[in-house]
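Examining the three-dimensional arrangement
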Amino acid sequence: MDLLEPVLFNDAWGSHVSIASLQGRPIPSAEPESELWMGAHESGPCGITRDGVATTLADVIRADPEGEMGAECCTAYEGRLPFLLKVLAPGRAISIQAHPTAEQASEVRRRDREAGDADATYVDDWAKPEMLVAISPFRVFVGMRTPEETADLAKRLGVPRFSGLVDDVSSAPDPAHALLAAVLAIPEAEHAGFVRELVAACVRVSSSPDAEGHHCAAVVRVAEDHPDDIGLAVLLLMNHRVLEPGDFIDVPAGVLHSYVGGLGIEVLANSDNVVRAGLTGKARNVPELLRIVDPEADGHAGRAEPDPDLPATVRFPSCSDRFALRRIHDPSGLLLPGNGTPRIVFCLHGEVVLATSDDGPGSTLTLGPVRAAFLSARDADVRVTGSGEVYLVTLPSA
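Residues numbered from 1 in each chain as written. Predicted model: local features only at pLDDT ≥ 70, side-chain atom pairs only at ≥ 80, totals over all residues. Heavy atoms only, no water.

**Description of the sheet that holds strand E2 (residues 7-9)**
Put simply, the rule is: A pair of strands is labelled paired if DSSP reports no fewer than 2 bridges between them. Numbering of helices and strands runs from the N terminus; a helix is a DSSP stretch of H or I covering at least four residues, while a strand is a stretch of E covering at least two. Fitted lines through C-alpha atoms give the axes, limited to the stretch in contact for helices. The angle between two N-to-C directions lies from 0 to 180 degrees.
One open sheet holds the 7 strands; their spatial order is E2-E3-E6-E13-E8-E11-E15, and the pairing between them is antiparallel. The sheet is open, and its two borders are formed by E2 and strand E15 (300-303), each paired with just one other strand. Sheet twist, expressed as the mean angle between neighbouring strand axes with direction ignored, is 20°. Note that strand E3 (residues 35-38) and strand E6 (residues 83-88) share 4 bridges and pair antiparallel. From the neighbouring strand, Glu35 faces E6, where its bridge partner is Leu88.

**Regarding unusual backbone geometry**
Threshold: Three exposure classes are used, based on accessible area relative to the maximum for each residue type with a 1.4 Å probe and protein chains only: buried under 20%, partly exposed in between, and exposed over 50%.
Note the cis peptide between Ile27 and Pro28, where omega equals -5°. As for its placement among the helices and strands, Pro28 is situated in the loop between helix H1 (18-22) and E3. One non-glycine residue, Leu279, lies in positive phi territory at about 55°. Along the chain, Leu279 turns up in the loop between strand E14 (275-278) and helix H12 (286-292). Assessed through its relative accessible area of 3%, Leu279 is described here as buried. Even without a glycine there, the phi angle at Ala312 is positive, about 55°. Relative to the helices and strands, Ala312 resides in the loop between strand E16 (305-306) and strand E17 (313-316).

**Some points on the packing of helix H6 (residues 147-157) against helix H7 (residues 160-168)**
When two helices pack together, their arrangement is given by the angle between their axes and by how far apart the axes lie. Counted only if it meets this: Note on angle classes: values under 35 degrees are labelled roughly parallel, values over 145 roughly antiparallel, values of 65 to 115 roughly perpendicular, and the remainder oblique. With the far helix as reference, a near helix turned anticlockwise by less than a right angle produces a left-handed crossing, and one turned clockwise produces a right-handed crossing. By the convention used here, residues are in contact when the closest approach between their heavy atoms is within 4.5 Å.
Running from amino to carboxyl end, H6 crosses H7 at an angle of 155°, the nearest separation of the two axes being 9 Å. One way to sum up the angle between H6 and H7 is to call them roughly antiparallel. Between H6 and H7 lies a crossing of left-handed hand. For the pair H6 and H7, the contacting residues are Thr150, Ala151, Ala154 and Leu157 in the first and Phe162, Ser163 and Val166 in the second.

**Considering the pairing of strand E13 (residues 264-269)**
Buried residues dominate E13, accounting for 6 of its 6 residues. With 6 bridges joining them, E6 and E13 adopt antiparallel strand pairing. Looking at E13, one finds that Leu88 is bridged to Gly264. Of the strand pairs in this sheet, strand E8 (residues 130-134) and E13 are connected by 5 bridges, and their pairing is antiparallel. Residue Val133 lies in a different strand from E13, and its bridge partner there is Ile265.

**So, the nonpolar core**
Using the following cut-off: Nonpolar core, defined: a set of buried Ala, Val, Leu, Ile, Met, Phe, Trp, Tyr and Cys residues in which side-chain atoms within 4.5 Å join the residues together.
Ranked by internal contacts, the top residues of the largest apolar core, which has 52 residues, are Leu157, Phe162, Leu180, Leu232, Leu235 and Leu256. Sorting elements by how many residues they give to this core places helix H9 (residues 191-205) first, with 7 residues. Each residue touching Phe162, except ones within four places of it in the same chain, is listed here: Thr150, Ala154, Leu157, Phe194, Leu198, Leu236 and Leu237. Membership of the second largest hydrophobic core comes to 40 residues, among which are Ala58, Val60, Ile61 and Met69.

**Some details on H6**
Selection rule: Think of it as the arc spanned by the lines of direction from the helix axis to the C-beta atoms.
By the burial criterion, the buried members of H6 are Thr150, Leu153, Ala154 and Leu157. Along the axis of H6, the buried positions cluster into a sector of 105°, meaning they face one direction only. Every exposed residue of H6 that faces more than 90 degrees away from the buried side is listed here: Glu148 and Lys155. Buried residues in H6 make contact with H7, helix H8 (175-184), H9 and helix H10 (211-225). After H6 finishes, the residue Gly158 shows a positive phi value of roughly 70°.

**Re the environment of Glu351**
Along the chain, the position of Glu351 falls in strand E20 (residues 343-355). C-alpha separation for the pair Glu351 and Lys86, spaced 265 residues apart in sequence, amounts to 19 Å. Setting aside residues no more than four positions away along its own chain, Glu351 makes contact with Thr366, Leu367, Gly368, Thr385, Gly386, Ser387 and Gly388.

**Let's talk about the side chain of Asp379**
Going by this rule: Residues scored as positive are Lys and Arg, those scored as negative are Asp and Glu, and His as well as the terminal groups of each chain are ignored. Think of a salt bridge as a Lys or Arg side-chain nitrogen and an Asp or Glu carboxyl oxygen that are within 4 Å of each other. By the criterion applied in these results, polar contacts are pairs of N or O atoms within 3.5 Å in which, for protein atoms, one can donate a hydrogen and the other can accept it, and in which residues neighboring in sequence qualify only through two side-chain atoms.
Residue position: Asp379 is located in the loop between strand E22 (371-375) and strand E23 (383-394). Arg343 is the oppositely charged side chain nearest to the buried, salt-bridge-free Asp379, at an N-O distance of 5.8 Å. Of note is the side chain of Asp379, whose polar atom sits 3.1 Å from the backbone nitrogen of Met1. Contacts of Asp379, omitting those with residues within four sequence positions, involve Met1, Asn339, Arg343 and Phe374.

**A short note on the packing of aromatic side chains**
Keep this limit in mind: Within 6.5 Å between ring centres, the rings of Phe, Tyr and Trp (the latter by its six-membered ring) count as paired, and their orientation is classed by plane angle as stacked under 30 degrees, edge-to-face over 60, tilted in between.
Within the structure shown, the criterion is met by 4 aromatic pairs. Ring centres 6.0 Å apart and planes at 90° place the aromatic pair Phe138 and Tyr259 in the edge-to-face group. A residue pair is termed long-range when its members are at least 10 positions apart, and Phe138 in strand E9 (residues 138-144) and Tyr259 in strand E12 (residues 257-261) qualify at 121 residues. Assessed through its relative accessible area of 0%, Phe138 is described here as buried. Note on Tyr259: relative accessible area 3%, which makes it buried. Ring centres of Phe248 and Phe316 lie 5.9 Å apart, and the angle between their planes is 80°; this geometry places the pair in the edge-to-face category. Taken together, the positions of Phe248 in strand E11 (residues 247-251) and Phe316 in strand E17 put the pair 68 residues apart, joining distant regions of the chain. Take Phe248: its relative accessible area is 1%, and that puts it in the buried class.

Dropping the structure here:
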């Protein structure tokens, strides 16, 4: 068992309060703090100390993938840890984005390699399914509204150019996709005027207590941080949700999404394949986003289900083949599943002790608040005791 030293990211969209508060550090933090990574991704591998030597989890797995992950996992996932765990803390909206399937990523990487730039669009051959679990109220835009819903909203907004775009695509084979393409095709020089009209109309509609009013109010809040961004128009084509603590949303490939604000636990495939179309200073790739987006996919939202195999445990259903997530709310001697496979254990609140059946050195490990551990395939019969809120990431088969 290895105590992980998580990697803190300081993206401009991060919070000055959320992660620092969780970790008991002074607030506001000097820089925005966006994500806390716990895993072995090449862009931010966790630090660990193995046999008295400081190293990273990525290097340890790279040196002995079969020993750390087990033969079956090593073969299935190409010698890479298949999942990544994060604390996610947007202080303002994250870019509007979508992730490719593995087939789509591989196809584009092959094309880019032939053109002499293997990482021009995607950095690996994996899909990037992800799941977000709210630990505070969390606002998201996920998936696309139906053409009928968007047409009704356009009538309420009363912005002629927006209504005209909606009318123009009404007879298209896929009106939702055609409208997204039409909005993103507006020349950049015209973005400010178009978006300002829409935001002003959203302010008017936001006075309504119905769902459309809440949707428009959410767009207005985003406009404070992203004025004149064409992404604000895209948000009007998307579903707005507020996840309450304990709610989750499962986001497979092709789902258009933007996480707007809150604090959450995110588990995802160990990939960084993403294309963006708005609300960002990073590179946008509209043609690729339009190629991979699925207007009918909006993810699966819900609450955790009791785990029939583990007491005092709930699981978060996911369509991913890369991870499974559970929350243990009474870790009183529970035997953790997943023997012979890699696992990440994360203590959000309280303190817990992990113990193996072996009584030798390193057979116990204490996790305080916001601390995580890596359990390798060699760590068998690990029990967790104490008083804390614990999240466990395993393979789906565990």
